[in-house]
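# Observations on chain architecture
The residues making up each chain are set out below.
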Amino acid sequence: MTAEQFADRHIGPGRADERRMLQAVGYDSIDELMDAAIPEVIRWHGTLDLPEPAGEREAIAELRALAAGNTVAVSMIGLGYHGTHTPAVIRRNVLENPAWYTAYTPYQPEISQGRLEALLNFQTMVTDLTGLATANASMLDEGTAAAEAMTLARRASRSKSCVYVVDADTLPQTIAVIGSRAEPLGIEVRVLDLDVEELPAEFFGLHLQYPGASGAVREHRDLVEAAHAVGALVTVAADLLALTLLRPPGEIGVDIAAGSTQRFGVPMGFGGPHAGYLAVRSGLERMLPGRLVGVSRDADGNAAYRLALQTREQHIRRERATSNICTAQVLLAVMAGMYAVYHGPDGLRVIAERTRGMAARLAAGLRAGGVQVTDVAFFDTVTAVVPSRAAEVVAAAAERHVNLRLVDADRVGISCDETTTGAHLEAVWAAFGVPVFDGDGDVALPPALRRTSDFLTHPVFRTHHSETAMLRYLRRLADFDYALDRGMIPLGSCTMKLNATTEMEPVSWPEFAHIHPFAPESQTAGYREMIAQLEAWLAEVTGYDAVSVQPNAGSQGELAGLLAIRAYHASRGAGQRDVCLIPSSAHGTNAASAVMAGMRVVVVGCDADGNVDLVDLDAKIDKHRDALAAIMVTYPSTHGVYETGIASLCAKVHDAGGQVYVDGANLNALVGFAKPGRFGADVSHLNLHKTFCIPHGGGGPGVGPVAVRAHLAPFLPGDPGAAHVGGRPAISAAKYGSAGILPIPWAYLRMMGAQGLVRATGVAVLAANYVAARLREHFPVLYAGNKGLVAHECILDLRPLTKATGVSVDDVAKRLIDYGFHAPTMSFPVAGTLMVEPTESEDLAELDRFCDAMIAIRAEIDKVGSGEWPAGDNPLANAPHTAAMVSADEWPHPYSRSVGAYPAGVQRAGRYWPPVRRIDGAYGDRNLVCSCPSPEAFED
Ligand SMILES: *Cc1c(COP(=O)(O)O)cnc(C)c1O
């Protein structure tokens, strides 16, 4: 071993630990274990063709060289992506802080109060600025938010029409995404220039952009009324910075607002990640897709936050869900919300006025120099008319390191932002060949378009304006939360492994952060080279022929993969194939995605061992033979087992003319040992935020590349920014999706190399089997495959104990907090169980600490079962214990304070204290509050 082996840092257990773990599981080597666990029919025995692993410094040097292939120019392209100053206090203490970026989605709200508060700030920011009632806790980008707004309108509209009207002055990439989402659902999109064209007689929804892509700010009131008159809903894609000055959509009766919060301190990142938003008027909140943070109360009646209305979501509603969105953009939503907290309403207004002032001066200078500028109200973007000279002007600006938007041969778009300076304006004037202009522009907005209402009036937006106050606020919230920087997060199916600092560092380099997705190709060679390498490595790892990194979450990869299958069948005259078989154990996104791809979901049962029931599969194939489009299976299964029937499953579906989709969320159990593209699957999505080390960010960002065999490659996502997507779908708004975080998986693969990846998979499987071996006699392990082995995760069955003692899976999850752990995945895929995925990154000491805690909890359950502790009042029922609770003057419980606070094995110093007691989720759903509550709500 050289000193430079990154794999030895990434993988928790050392060789001695590994031997002890092997002994407990009963194998002599990892090879032997893997030979026994993985069915030979799918086993791949080659060596991954990847470059020799680089050390951490070497990888950083290579990434520096790739970054140097990008050119950071002044971006005045606009189109929904703007220059912005990330306040350094937010960059370092949120984006670069593992307390924020390694957190999980806040499904355990008691240990997530910090990020839940940050998200509530985000929601409040969006509702205040848009003037609507309820906003969710982020969407994947503006294009997908707009597409979700369309389907929301479809659900809510009383119109029978299938026509969705989109104003022509909408961002072109948004139109592309809307079109791709509409087609499989039978929605007809009509793009109309509403300045001159009439609305059709019937339509169910209308999409407007405010300000328009051209920069024009239009009065929309009449269109809103006309739409409502025929029962249609209106979505306005609004720029939140503009809304500090412009009358918000909610004040003219708009039903839905959608858009991006990128310019609130989140770098462009060549297209992402940044947080999209979606807000609705009152009455629509129960149809809103995505995660929604709300206020509820804890066991003491104190105000506490948690996710609201989860029954709308895919993990509960499956094919009847409001959307397939799962991983969203939490980390970026936290950043945007904090940007508003830091600047406050006055600061935002100043930024907006300065931006607008720059655009006004720019326009005045162009006009003074004889250039025609479109005569409309505008906020930050102007369109200059230069008959047949547009390309020449854009090129002249590029020579001055300024990127402008080439609208067409005669028109140039120029967008100002927070970072625009006088020197930038001078460069633009020079490119147009007009002299420097000294005066000011006219910044007055037409009265009907001016904002008069207050916004961000909650104290949180008026309190943390000094850097000291902001730093402490961020620290206080981070301290409320449990993330990977405190301990293990053994969440089955989520692969919460190390997010190495070296992998993270390049993300904030300007050459990756400050690139506009539509920057000229000559400025993005480094990015494109890195992405091509990453796609090639992912193809090698999975055995597929082509990969697209465009989907910006696993759910979006699913949609992309299913749309590829759909288009493939259609290309062969088999467009009638629309049945998607999905096992009952599948992740909720699978069914929701199939519906979005225009497919009918047919559920296949599981047998007593948890495997796909091959008899039921035969029956369903027979029944739907001519309509069969695909089967969607997860491998290893969501039960954490290498099913031996997978090869015959693939063959059966292929024989019937269907395609095989393997959900690749569990790829951490396969890398280096089996390749889905070789064992019979046609397409998979991967979760780079699981297997390939992008941190979970508290619920995003993610990247969900779609990988396909050659016959599906022509149907992979196209470039949404190009004039013609070429018949390929636009899955997200930018060609490479969340490109800004691709250095993370690149660095992981580059530093692990073939051997490191193989060892990671082996240790992940060993760790899961070690946990299963240690816990089996205390909690039954629900399913196992070959030789009683599990794959990379195991399901602990609590149902018999719950039946005997009344102690629920919830009680155990909350009690684990007292022991200093994040709970495993609860009740997925089987209700009443816990699914544990330790990953390769946890060392033996941490694995043992977890097993010891679970064993101690089992002993506590027995005390409830034996009657020593009453059913309703015991350390499990009362968990988690807060400092306030155990230090209260009153202690009415039948066990001691120390049993509550410091159970076996918990260190007294450094114990993590949750800020609230157990939260009553149902109360908050009955009394829905989804914006910042008044400070009095938190008074004792
Ligand atoms: C995580 C997961 C998904 C969804 O991925 P997102 O990135 O959250 O959209 C799909 N299937 C399975 C099995 C998963 O574990």
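Taking an unreviewed UniProt entry as the reference, the protein chain is identified by name as Glycine dehydrogenase (decarboxylating) belonging to Micromonospora halophytica. What UniProt states about the protein chain under its Cofactor (unreviewed entry) heading is, verbatim, "pyridoxal 5'-phosphate".

## Digging into the overall build of the protein chain
Along its length, the protein chain carries 30 helices and 26 strands. The globule rule puts the C-alpha radius of gyration for 940 residues at 30 Å, and the 27 Å found for the protein chain is close to it. The dimensions of the protein chain, computed from C-alpha atoms along their principal axes, are 85 × 70 × 60 Å. Looking at the protein chain as a whole, 65% of its 940 residues qualify as buried. A separation threshold of at least 6 residues defines the contact pool for the protein chain, and within that pool the share at least 24 residues apart is 76%. Entry remark: accessible area of the protein chain is about 30900 Å², with carbon and sulfur atoms responsible for 50%. Placing the 79 positive and 106 negative side-chain charges of the protein chain at their respective mean positions leaves the two points 2 Å apart.

## Here's the deal with the UniProt feature "modified residue: N6-(pyridoxal phosphate)lysine" (unreviewed entry) in the protein chain
As annotated in UniProt, the feature "modified residue: N6-(pyridoxal phosphate)lysine" (unreviewed entry) corresponds to Lys-690 in the numbering used here. Within the secondary structure, Lys-690 is located in the loop between β21 (683–686) and β22 (706–708). Since its relative accessible area comes to 10%, Lys-690 is described here as buried. Residue contacts for Lys-690: discarding those within four places in its chain leaves Ser-493, Cys-494, Thr-495, Lys-497 and Ala-665.

## A short note on the packing of aromatic side chains
Tallying each qualifying case throughout the model produces 19 aromatic pairs. Centre to centre, the rings of Phe-821 and Phe-850 are 5.4 Å apart; their planes meet at 80°, and the pair counts as edge-to-face. Pair noted here: Phe-821 is in the loop between α26 (809–818) and β24 (825–826) and Phe-850 is in helix α27 (residues 844–865), with a separation of 29 residues, a long-range link. A single burial state applies to Phe-821 and to Phe-850, both of which are buried. Aromatic side chains Tyr-902 and Trp-913 sit 5.9 Å apart centroid to centroid with 75° between the ring planes, which places their arrangement in the edge-to-face category. Residue Tyr-902 is located in the loop between α29 (897–901) and β26 (919–920), and its partner Trp-913 is located in the loop between α29 and β26; the two are separated by 11 residues in the primary sequence. A relative accessible area of 26% means that Trp-913 is categorised as partly exposed. Of note, Arg-297 hangs over the ring of Tyr-923, and the distance from its end group to the ring centre comes to 3.8 Å.

## Observations regarding the pairing of strand β19 (residues 628–634)
The buried fraction of β19 is high, at 7 of 7 residues. Note: strand β17 (residues 579–583) against β19, 3 bridges, orientation parallel. Residue pairing for β19: Leu-581 is matched across the bridge by Ile-631. Both β19 and strand β20 (residues 659–664) contribute to a ladder of 5 bridges, which runs parallel. Its bridge partner lying in β20, Ile-631 is registered against Val-660.

## Regarding the sheet that holds strand β6 (residues 233–238)
Strand order in the open sheet formed by 7 strands is β2-β8-β7-β6-β5-β3-β4, with mixed pairing between adjacent strands. At either margin of the open sheet sits one strand with a lone partner, and together these are β2 (134–135) and β4 (188–192). Sheet topology places β2 next to strand β8 (residues 276–280); 2 bridges connect them, and they run antiparallel. The residue bridging Ala-135 from the neighbouring strand is Ala-279, located in β8. Lying on the sheet, helix α7 (residues 113–130) is in contact with β2, β7 (256–260) and β8; it crosses β8 at an angle near 60°.

## Some remarks on helix α12 (residues 330–368)
With 39 residues, α12 should reach 57 Å at 1.5 Å per residue; the first-to-last C-alpha distance of 45 Å falls well below that figure. In terms of burial, α12 is a largely internal element, 30 of the 39 residues being buried. Trailing α12 by a residue or two, Gly-370 shows a phi angle of about 90°, which is positive.

## Let's talk about the pattern of salt bridges
Per the stated rule, a full pass over the model turns up 39 salt bridges. For Asp-35, the salt bridge identified is with Arg-43, shortest N-O distance 2.6 Å. Taking the relative accessible area as the measure of exposure, Arg-43 reaches 16% and is therefore buried. When salt bridges with common partners are traced through the structure, they connect Arg-815, Asp-818, Glu-860 and Arg-911 into a single cluster.

## Considerations on the packing of helix α20 (residues 554–571) against helix α21 (residues 588–596)
Following both chains from N to C, one finds α20 and α21 inclined at 45°, their axes separated by 9 Å at the closest point. By the angle between their directions, the pair α20 and α21 is classed as oblique. The crossing of α20 and α21 is right-handed. Of α21, the residues touching α20 (which contributes Ser-555, Glu-558, Leu-559 and Leu-562) are Thr-589, Asn-590, Ser-593, Ala-594 and Met-596.

## A few points about unusual backbone geometry
For the bond from Gly-272 to Pro-273, the omega torsion is 5°, close enough to zero to count as cis. The topology assignment puts Pro-273 in the loop between β7 and β8. A positive phi angle, close to 50°, is found at Arg-318, a residue other than glycine. Along the chain, Arg-318 falls in the loop between α11 (314–317) and α12. You can call Arg-318 partly exposed: its relative accessible area is 23%. With phi around 50°, Lys-787 is a residue other than glycine that occupies positive phi space. Under the relative-accessibility criterion, Lys-787 is labelled exposed at 67%.

## Points about the side chain of Gln-108
You can see Gln-108 is positioned in the loop between α6 (98–101) and α7. Look past the residues within four positions of Gln-108 in its chain and what remains in contact with it is Ala-813, Lys-814, His-822, Ala-823 and Met-826.

## Structural notes on the sheet that holds strand β25 (residues 833–836)
Strand order in the open sheet formed by 3 strands is β23-β25-β24, with antiparallel pairing between adjacent strands. This sheet does not close on itself; its edge strands, each paired only once, are β23 (794–797) and β24. The pairing of β23 with β25 spans 4 bridges and is classified as antiparallel. Bridging from a neighbouring strand, Cys-794 pairs with Val-836 of β25.

## Observations regarding the site of the ligand
Around the ligand lies a shell of 14 residues, among which Thr-327, Ser-493, Asp-663, His-689 and Lys-690 are the nearest. In this structure, an oxygen atom belonging to the ligand sits 2.7 Å away from a main-chain N or O atom of Gly-554. Between an oxygen atom of the ligand and a main-chain N or O atom of Ser-555, the distance comes to 2.8 Å. Compared with its free state, where it exposes 380 Å², the ligand has 98% of that area covered by protein.

Definitions and limits used
Residues numbered from 1 in each chain as written. Predicted model: local features only at pLDDT ≥ 70, side-chain atom pairs only at ≥ 80, totals over all residues. Heavy atoms only, no water. UniProt positions renumbered as here; feature names shortened; annotations may be inferred. Helix = DSSP H or I, 4+ residues; strand = E, 2+ residues; numbered from the N terminus. Rg over C-alpha atoms; globule rule 2.2 N^0.38 Å. Buried < 20%, exposed > 50% of the residue type's maximum accessible area, 1.4 Å probe, protein only. Contact = heavy atoms within 4.5 Å. Areas by Shrake-Rupley, 256 points an atom, 1.4 Å probe, with all protein chains shown as cover. Lys, Arg positive; Asp, Glu negative; His and termini not counted. Charge placed at Lys NZ, Arg CZ, Asp CG, Glu CD. Phe/Tyr/Trp six-rings, centres within 6.5 Å; stacked < 30°, edge-to-face > 60°. Lys NZ or Arg CZ within 6 Å of the ring centre and 35° of its normal. Pairing = 2+ DSSP bridges. Axes fitted to C-alpha atoms, helices over the stretch in contact; angles between N-to-C directions. Expected span 1.5 Å × (residues − 1). Salt bridge = Lys/Arg side-chain N within 4 Å of Asp/Glu carboxyl O. Parallel < 35°, antiparallel > 145°, perpendicular 65-115°, else oblique. Left-handed = near helix turned anticlockwise from the far one by under 90°. Near = heavy atom within 4 Å. Polar contact = N/O pair within 3.5 Å; in protein donor to acceptor, adjacent residues only side chain to side chain.

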